[in-house]
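Listed below are the residues making up each chain.
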There are 2 protein chains.
Amino acid sequence: MSSRRRSADQPSRATITDVAREAGVHASTVSRALNPATRGMVTEAVAARVAEVAERLGWRPSTLAAGLRTRRSRSIGILVPDLVNPVFPPIVRAAEERLAEAGYVTFVANTDTDPTREAMIVERMAAHLVDGLMLASATETSRALQICERFGIPTVLVNRRQPGSRHGTVVHDDLRGMALVIAHLHGLGHRRIAHLAGPPGVSTASDRLRGFRAALTAHGLDAEAAPVVIAAAYSREAGRRAMEALLERGGFTAVASANDMLCLGIYDALEAAGLAVGRDISVTGFNDMPFVDRIHPPLTTVRIQHAEMGRCAADLLLAELVSGGQGEREIVLQPELVVRSSTAPPARS
Amino acid sequence: MSSRRRSADQPSRATITDVAREAGVHASTVSRALNPATRGMVTEAVAARVAEVAERLGWRPSTLAAGLRTRRSRSIGILVPDLVNPVFPPIVRAAEERLAEAGYVTFVANTDTDPTREAMIVERMAAHLVDGLMLASATETSRALQICERFGIPTVLVNRRQPGSRHGTVVHDDLRGMALVIAHLHGLGHRRIAHLAGPPGVSTASDRLRGFRAALTAHGLDAEAAPVVIAAAYSREAGRRAMEALLERGGFTAVASANDMLCLGIYDALEAAGLAVGRDISVTGFNDMPFVDRIHPPLTTVRIQHAEMGRCAADLLLAELVSGGQGEREIVLQPELVVRSSTAPPARS
DNA sequence: TTGTACGCGTTATCAG
DNA sequence: CTGATAACGCGTACAA
């Protein structure tokens, strides 16, 4: 017979009742003595004795049992599209750190940019009574946000906007980021610039596309005529395929990509086509994700504030958790152009 | 007044009692009808009616309430040292996928290779009644494993061994991996090979160091005389500092690194010293983490099976969850050498 | 200041 | 096959 280890031979963890019996007081008193918020309601001496017994018995509060009553769990869910994309880990880490300081644990999950999966995860998180949710995965049509609202779970968006949403949001000024890119390329002499756009429904993709077109116009270039190909996902493979399509079409000396991950695929496609990044075709990225300074040639890209984004989002969420729903602000961080060697004046040919 | 949204105006989610009332049966019957495992104990007709009502009322099981009784939560905790290290996300993703198929949610957390933090997280996970734990963070002296045993939580180790541990473990044959590296370097003509070792207490670090020495000896080289510097962490920065120390010491034409992350720092240090990777000093990594094929020069490294490791660990854990503690196996996967351009015959000088 | 009594949503164990 | 009842561990009005 397979007896559950936890129940049988193992010394099942001490409960508040055990502590009460041992300390010679009532369970409620123990609860009050051990809860920082209610400690004042109890005698100094009793509090000390209870604390001592609890310590000795190795008592740990059961988040579950507490949550059953309070409907809170001191935990926060963080949803990202794909942890394998190096943009997200730094954001998550920074948020996690800030939330931990405030006493919250964080649970991270991948959504694969799949709305169904995203909705399922939100439901599961809700079932675990997360106190708040941080979505780095929100698409412009995410059902997830409605679910959050239905359950009344405070939610903030990170690195993704949802137009018209009332949720706290932390993003970057992508239009300005693209303007920096185009100004740089224009300054190098490029006049025929292509855009490798991100997947549909993702706000960074559409914002950067808009920024691309606006910046071209601002420089007196024909935004309508500029080659644009949309990548199926923010992945290396999708970037390669999109770049192949762009190459077939031709008619450009530089390509401004919606994101660094795509650039890896762009490099792959250009290498396969026998073209040199920088010399033959200039390439720019977006995000300045880790390690792109070490790829060859080092990528000119737009730096976003990964850690700051995570911290701001955490603060926004924490504010909302205490104030009960005021944090409906949008924080827009400023990006910065980092010039490396993937951009150069256009080839003569 | 700040009324908690969840309680007041929001339609608090339907409970099993609501469904029971609506369906005209007892709550226990609802429980049985909706639980796949106990559905057989109930009439087909009743089951159907209950299911219909539950659907209509939007009933969702409360993991917490259920866990309070069953002491299970259908969730698994995954602990990694640092999600920013690209080795881990693919492992986590693969494990997550396999576990999700089996109906488990996964919670990921970073430990920062800090035993105290690791212990705290394990406790919190235990408080959330995770059914199992996957540790990619275990150091050779981790207290975390004892905590797991005390709580009776099934635990497996991934990408880390703990000597003498009885836990299921999935690792690679690091000794063989190092042997492949040294054979490759030796074949190129290198005779003075240095090792940039990983941090103390980490099994991959000590295994690879042992493998390094054993392989040197096997090739008739003096293992004792070989320069070895220990990096403070598996990070780019620590790699740079360790490499600087190694350069001061000198006396080598190639350096075998314990891991790819360190190689980024090695590249930084060599660049700062005006040395060319490959031509002046050959460099090898370990892990074949994403993107190292695109750094300059592309890194010769040992490929490990990231996804397979995650899947195996998940299977091991699942087996243990159903059988109740048999999975005390150690799975050793085989690594593979990937030769790129960071290695070349030693410079003449 | 402390104890009593009850509820949170579900499952296990009996009876019927 | 179904209903009643008692847990699970904790928080919290209310009473003492």
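Cut-offs applied
Residues numbered from 1 in each chain as written. Chains lettered and ligands numbered in written order. Predicted model: local features only at pLDDT ≥ 70, side-chain atom pairs only at ≥ 80, totals over all residues. Heavy atoms only, no water. Helix = DSSP H or I, 4+ residues; strand = E, 2+ residues; numbered from the N terminus. Rg over C-alpha atoms; globule rule 2.2 N^0.38 Å. Buried < 20%, exposed > 50% of the residue type's maximum accessible area, 1.4 Å probe, protein only. Contact = heavy atoms within 4.5 Å. Areas by Shrake-Rupley, 256 points an atom, 1.4 Å probe, with all protein chains shown as cover. Lys, Arg positive; Asp, Glu negative; His and termini not counted. Charge placed at Lys NZ, Arg CZ, Asp CG, Glu CD. Core = buried A, V, L, I, M, F, W, Y, C linked by side-chain atoms within 4.5 Å. Domains from an automatic or database assignment. Buried area = accessible area lost by both parts, 1.4 Å probe. Salt bridge = Lys/Arg side-chain N within 4 Å of Asp/Glu carboxyl O. Polar contact = N/O pair within 3.5 Å; in protein donor to acceptor, adjacent residues only side chain to side chain. Nonpolar A, V, L, I, M, F, W, Y, C, P; charged D, E, K, R; others polar. Axes fitted to C-alpha atoms, helices over the stretch in contact; angles between N-to-C directions. Parallel < 35°, antiparallel > 145°, perpendicular 65-115°, else oblique. Left-handed = near helix turned anticlockwise from the far one by under 90°. Phe/Tyr/Trp six-rings, centres within 6.5 Å; stacked < 30°, edge-to-face > 60°. Lys NZ or Arg CZ within 6 Å of the ring centre and 35° of its normal. Near = heavy atom within 4 Å. Pairing = 2+ DSSP bridges.

## Remarks on the overall build of chain A
If you tally the helices and strands in chain A, you get 12 helices and 12 strands. Rg of the C-alpha trace for chain A: 26 Å, well past the compact-globule value of 20 Å for 349 residues, more than 25% over. Its C-alpha atoms give chain A principal-axis dimensions of about 90 × 50 × 30 Å. Buried residues in chain A amount to 56% of all 349 residues. Partitioning the intrachain contacts of chain A with sequence separation of at least 6 by distance along the chain shows that 70% fall at a separation of at least 24. Carbon and sulfur atoms make up 51% of the accessible area of chain A, which amounts to about 14200 Å² in all. Seen as two clouds, the 40 positive and the 37 negative side-chain charges of chain A have centres 4 Å apart.

## Here's the deal with the nonpolar core
In this structure, Met134 and Val283 of chain A together with Met134, Phe212 and Val283 of chain B are the most contacted members of the largest nonpolar core, which totals 152 residues. Ala109 and Ala144 of chain A together with Val130 and Ile153 of chain B belong to the second-largest nonpolar core, a separate cluster that totals 40 residues.

## With respect to the domain arrangement of chain A
All names here are of chain A. On domain assignment, one finds that chain A holds domain 1 (3-61), domain 2 (71-172 + 306-334) and domain 3 (174-305). Here domain 2 and domain 3 have C-alpha centroids that lie 28 Å from each other. Residue-level contacts link 16 residues of domain 2 with 18 residues of domain 3. Taking both sides of the interface into account, the surface hidden between domain 2 and domain 3 amounts to around 1600 Å²; carbon and sulfur atoms contribute 49%. At the junction of domain 2 and domain 3, the tally comes to 1 salt bridge. Two residues, Asp207 and Arg161, come together in a salt bridge whose shortest N-O distance is 2.7 Å. On the surface where domain 2 and domain 3 come into contact, there are 13 residue pairs in polar contact (both at pLDDT 80 or more). No other element matches helix H12 (residues 306-323), which puts 4 residues into the side of domain 2 that touches domain 3. A breakdown of the residues in the side of domain 2 that touches domain 3 according to their chemical character gives 6 nonpolar, 6 polar and 4 charged.

## Overview of the packing of helix H10 (residues 236-249) of chain A against helix H11 (residues 260-272) of chain A
Residue and element names in this part refer to chain A. Two numbers describe how H10 lies on H11: the axes approach to 7 Å, and their chain directions differ by 50°. It follows from the interaxial angle that H10 and H11 lie oblique. Remark: the crossing between H10 and H11 carries right-handed chirality. Facing Arg236, Ala238, Gly239, Arg240, Met243, Glu244 and Leu247 of H10, the residues of H11 in contact are Met261, Leu262, Leu264, Gly265, Ile266, Asp268, Ala269 and Leu270.

## Considerations on the packing of aromatic side chains
Following the criterion strictly, the structure yields 1 aromatic pair over all chains and no others. Seen from their ring centres, Phe107 of chain A and Phe107 of chain B are 3.7 Å apart, and the 20° between their planes marks the pair as stacked. Here Phe107 of chain B lies in strand E2 (residues 105-110) and Phe107 of chain A lies in strand E2 (residues 105-110), a pairing that spans two chains. The ring of Tyr104 of chain B is capped by Arg74 of chain B, whose NZ or CZ atom sits 4.4 Å from the centre of that ring.

## Let's talk about the protein's contact with DNA strand C
In the vicinity of DNA strand C lie 25 residues, with Ser28, Thr29 and Arg69 of chain A together with Ile16 and Ser31 of chain B positioned nearest. Backbone atoms, meaning sugar and phosphate, make up 61% of the atoms of DNA strand C lying within 4 Å of the protein. At 3.1 Å from a phosphate oxygen of DNA strand C is found a main-chain nitrogen or oxygen belonging to His26 of chain A. Only helix H2 (27-34) and helix H4 (63-70) of chain A together with helix H2 (27-34) and helix H4 (63-70) of chain B provide two or more residues apiece to the surface near DNA strand C. The biggest single contributor to the surface near DNA strand C is H4 of chain B, with 4 residues. When grouped by side-chain class, the residues that make up the surface near DNA strand C number 10 nonpolar, 9 polar and 6 charged.

## Structural notes on the environment of Ser342 of chain A
Residues and elements named next belong to chain A. Turning to its location among the elements, Ser342 is positioned in the segment after strand E12 (336-338). For Ser342, a relative accessible area of 0% gives the class buried. In contact with Ser342, not counting residues within four places along its chain, are Tyr267, Val277, Gly278, Ile281, Ser282, Val283, Pro297, Pro298, Leu299 and Thr300. Engagement of the side chain of Ser342 in a polar contact is seen with the backbone oxygen of Val283, the distance being 2.6 Å.

## A word on the interface of chain B and chain A
Across the boundary between the two partners, chain B contributes 67 residues, which contact 67 residues of chain A. Both faces considered, chain B and chain A share a buried interface measuring about 6300 Å² in area, 52% of it formed by carbon and sulfur atoms. On the surface where chain B and chain A come into contact, there are 14 salt bridges. Arg294 of chain B serves as the salt-bridge partner of Asp268 of chain A, at 2.9 Å between the closest nitrogen and oxygen. At the boundary of chain B with chain A, the tally comes to 20 residue pairs in polar contact (both at pLDDT 80 or more). Of all the secondary-structure elements, those providing two or more residues to the side of chain B that touches chain A are H4, helix H5 (88-101), E2, helix H6 (115-127), helix H7 (144-151), helix H11 (260-272) and helix H12 (306-323) of chain B. Examining the composition of the side of chain B that touches chain A, we find that 6 residues originate from one element, E2 of chain B, more than from any other. Of the residues belonging to the side of chain B that touches chain A, the class tally is 28 nonpolar, 15 polar and 24 charged.

## Examining the sheet that holds strand E8 (residues 254-257) of chain A
Residues and elements named next belong to chain A. Taken in spatial order, the 4 strands of this open sheet run E7-E6-E8-E9, and their pairing is parallel. Edge positions in the sheet fall to strand E7 (228-230) and strand E9 (282-284), since each has one partner strand and no second. Mean inter-strand twist for the sheet, computed between neighbouring axes without regard to direction, equals 15°. Bridge count for strand E6 (residues 193-197) against E8 is 4 bridges, and the pairing is parallel. Within E8, the residue paired with Ala194 across the bridge is Val255.

## Observations concerning the pairing of strand E5 (residues 168-172) of chain A
Residue and element names in this part refer to chain A. With 5 of 5 residues buried, E5 is to be regarded as a mostly interior element. Where burial is concerned, the two faces of E5 agree: the one with Gly168, Val170 and His172 and the one with Thr169 and Val171 are both buried. Summarising the sheet, strand E4 (residues 155-158) and E5 pair through 3 bridges and their orientation is parallel. Along E5, the bridge assignment pairs Val158 with Val170. In the sheet, E5 pairs with strand E11 (residues 330-333) via 4 bridges, with the strands oriented parallel. Along E11, the bridge assignment pairs Val171 with Val332.

## Quick notes on the sheet that holds strand E8 (residues 254-257) of chain B
Residue and element names in this part refer to chain B. Taken together, the 4 strands give an open sheet; going across it, the order is E7-E6-E8-E9, and neighbouring strands pair in parallel fashion. The open sheet has two edge strands, strand E7 (228-230) and strand E9 (282-284), and neither has a second partner. On average, adjacent strands in this sheet sit at an angle of 15° to one another, irrespective of strand direction. The strands touched by helix H9 (residues 203-218) are strand E6 (193-197), E7 and E8; relative to E6, the strand with the most contacts, the crossing angle is about 170°. Packing against the sheet, H11 makes contact with E6, E8 and E9, and its axis sits at approximately 160° to E9.

## Some thoughts on the protein's contact with DNA strand D
In the vicinity of DNA strand D, 24 residues are found, and the nearest of them are Ile16 of chain A together with Thr29, Arg32, Thr43 and Arg69 of chain B. Taken together, the sugar and phosphate atoms account for 56% of what DNA strand D places within 4 Å of the protein. Measuring from a phosphate oxygen of DNA strand D, one finds a backbone N or O atom of Ile16 of chain A at 2.5 Å. A distance of 3.1 Å separates a base nitrogen of DNA strand D from a polar backbone atom of Ala65 of chain A. Secondary structure elements with two or more residues in the surface near DNA strand D: H2 and H4 of chain A together with H2 and H4 of chain B. Residue contributions to the surface near DNA strand D peak at 4 residues, all from H4 of chain A. Of the residues that constitute the surface near DNA strand D, the class distribution is 9 nonpolar, 9 polar and 6 charged.

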